[in-house]
Amino acid sequence: MTAPISDPHFVSRPDGAVYETDEPVTYTVADGIASVTMNRPSFNNAQNSQMTYALDAAFRRAVDDDAVKVIVLRGEGRHFSAGHDIGTPGRDINKPFERTQLWWDHTNKPGGEFLYAREQEVYLGMCRRWRDLPKPTIAMVHGACVAGGLMLAWVCDLIVASDDAFFQDPVVRMGIPGVEYFAHPYELNPRIAKEFLFTGERMGAERALQLGMVNRVVARDALESATYALAARIASQPRMGLALTKQAINHVEDLQGKRSAMDAAFAWHHFAHAHNELLSGDRLGGFDGRAMAEANKRAAAGEQA
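Here the structure is a predicted model, which means the values were calculated and not measured. (Residues numbered from 1 in each chain as written. Predicted model: local features only at pLDDT ≥ 70, side-chain atom pairs only at ≥ 80, totals over all residues. Heavy atoms only, no water.)

Comments concerning the overall build of the protein
Within the protein, the regular secondary structure consists of 10 helices and 11 strands. In terms of C-alpha radius of gyration, the protein reaches 19 Å, essentially the compact-globule figure of 19 Å for 305 residues. Reported as C-alpha extents along the three principal axes, the dimensions of the protein are approximately 55 × 45 × 40 Å. The proportion of buried residues among the 305 residues of the protein is 51%. Contacts spanning at least 24 positions in sequence make up 69% of the contacts within the protein whose residues lie at least 6 apart. Total accessible area on the protein is roughly 14500 Å²; 54% of this is exposed by carbon and sulfur atoms. (Helix = DSSP H or I, 4+ residues; strand = E, 2+ residues; numbered from the N terminus. Rg over C-alpha atoms; globule rule 2.2 N^0.38 Å. Buried < 20%, exposed > 50% of the residue type's maximum accessible area, 1.4 Å probe, protein only. Contact = heavy atoms within 4.5 Å. Areas by Shrake-Rupley, 256 points an atom, 1.4 Å probe, with all protein chains shown as cover.)

So this is what it looks like as structure tokens:
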């Protein structure tokens, strides 16, 4: 699929591939705090591979910089992130990238191996890598935090949300048991996690706060100041003390089975992709970005009725 010539965000190369003209992630540092900003506002920060690898490079840059004590992950535009890119002109699922995990290139692989290898690399592997980086991370969430957006917020140590933020994993309607980084029963009580997935409904910021998934909820116009005030408070602590504390708490989660549970859920996730393809010829059960957005709007209207 090629982008319209009039679209200033894309350029079509002679080989037919579509490339985005804007940097998908921006990076700045001030006062010991690195700001990693998703920068696809025209597509609600839907994550294609180009963005995912750019996020990885930004996190690596922050870890390597001794002046950085805390990392804030945020999104440009109206929403934090609408999830994985399953339908924009910049979708690049068939494009090879220089890989960060020890998995082979997926682009020339048949059957279920195509998605399994890719998602081990860009979803499960990278999210685990980011969760374990030794510096504290804060997700600054506003607007939509949906599906793949949840994964990015959940790998962060803390979440500060605006009062208009909402959280949602609607992929059960694709026949898929939740996103690849399956942290739902750890972020939420298991019974609430079932409700969250079974219904696919939006969870508002206040309920997320009550359930312990979010640390703080503030007014939209106070989100940035509140997030950076928290980051500055954390940045005053010694680097090694922060790293060891994070390592200790992540270790407790792993002792509780988080890693092995995620491995099992990832396998079931890919069984669902293969099942969909056998039944319909489509790994996503016939959904693309537009169809998912329309289904979400209908569901939201039903919730409000």
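Comments concerning the sheet that holds strand S9 (residues 166-168)
Pairing is mixed across the open sheet formed by three strands, whose spatial order is S7-S9-S10. The sheet terminates laterally at strand S7 (144-146) and strand S10 (203-204), the two strands that pair on one side only. By the bridge criterion, two bridges tie S9 to S10 in an arrangement that is antiparallel. When the sheet's bridge partners are listed, Phe166 is paired in S10 with Gly204. (Pairing = 2+ DSSP bridges.)

Topic: the confidence of the model for the protein
In the predicted model, the protein carries a mean pLDDT of 89, and the fraction of residues at 70 or more is 90%. Segment residues 1-5: pLDDT under 50, and eight contacts once partners within four positions in sequence are set aside and those in other chains are kept. (pLDDT = per-residue confidence, 0-100.)

Topic: the packing of aromatic side chains
Across all of its chains, the model carries five aromatic pairs by this definition. Residues Phe59 and Trp130 carry aromatic rings whose centres are separated by 5.3 Å and whose planes lie at 55 degrees to one another, so their mutual orientation is tilted. Taken together, the positions of Phe59 in helix H1 (residues 49-64) and Trp130 in helix H2 (residues 113-131) put the pair 71 residues apart, joining distant regions of the chain. Taking relative accessible area as the criterion, Phe59 reaches 5% and is therefore assigned buried. Of the aromatic side chains, those joined through ring pairs into one cluster are Trp103, Trp104, Tyr116 and Phe266. Over the ring of Phe166 we find Arg202, and its NZ or CZ is 4.0 Å from the ring centre. (Phe/Tyr/Trp six-rings, centres within 6.5 Å; stacked < 30°, edge-to-face > 60°. Lys NZ or Arg CZ within 6 Å of the ring centre and 35° of its normal.)

Describing helix H7 (residues 223-235)
Between its first and last C-alpha atoms H7 spans 18 Å; for 13 residues at 1.5 Å apiece the expected length is 18 Å, and the two agree. Burial in H7 covers these residues: Leu223, Thr227, Tyr228, Leu230, Ala231, Ile234 and Ala235. The buried residues of H7 occupy an angular sector of 155 degrees when projected down its axis, which confines them to one face. (Expected span 1.5 Å × (residues − 1). Arc of directions from axis to C-beta.)

Some points on the environment of Ala147
Checked against the element boundaries, Ala147 lands in the loop between S7 and helix H3 (148-154). With 96 residues separating them along the chain, Ala147 and Met51 place their C-alpha atoms 16 Å apart.

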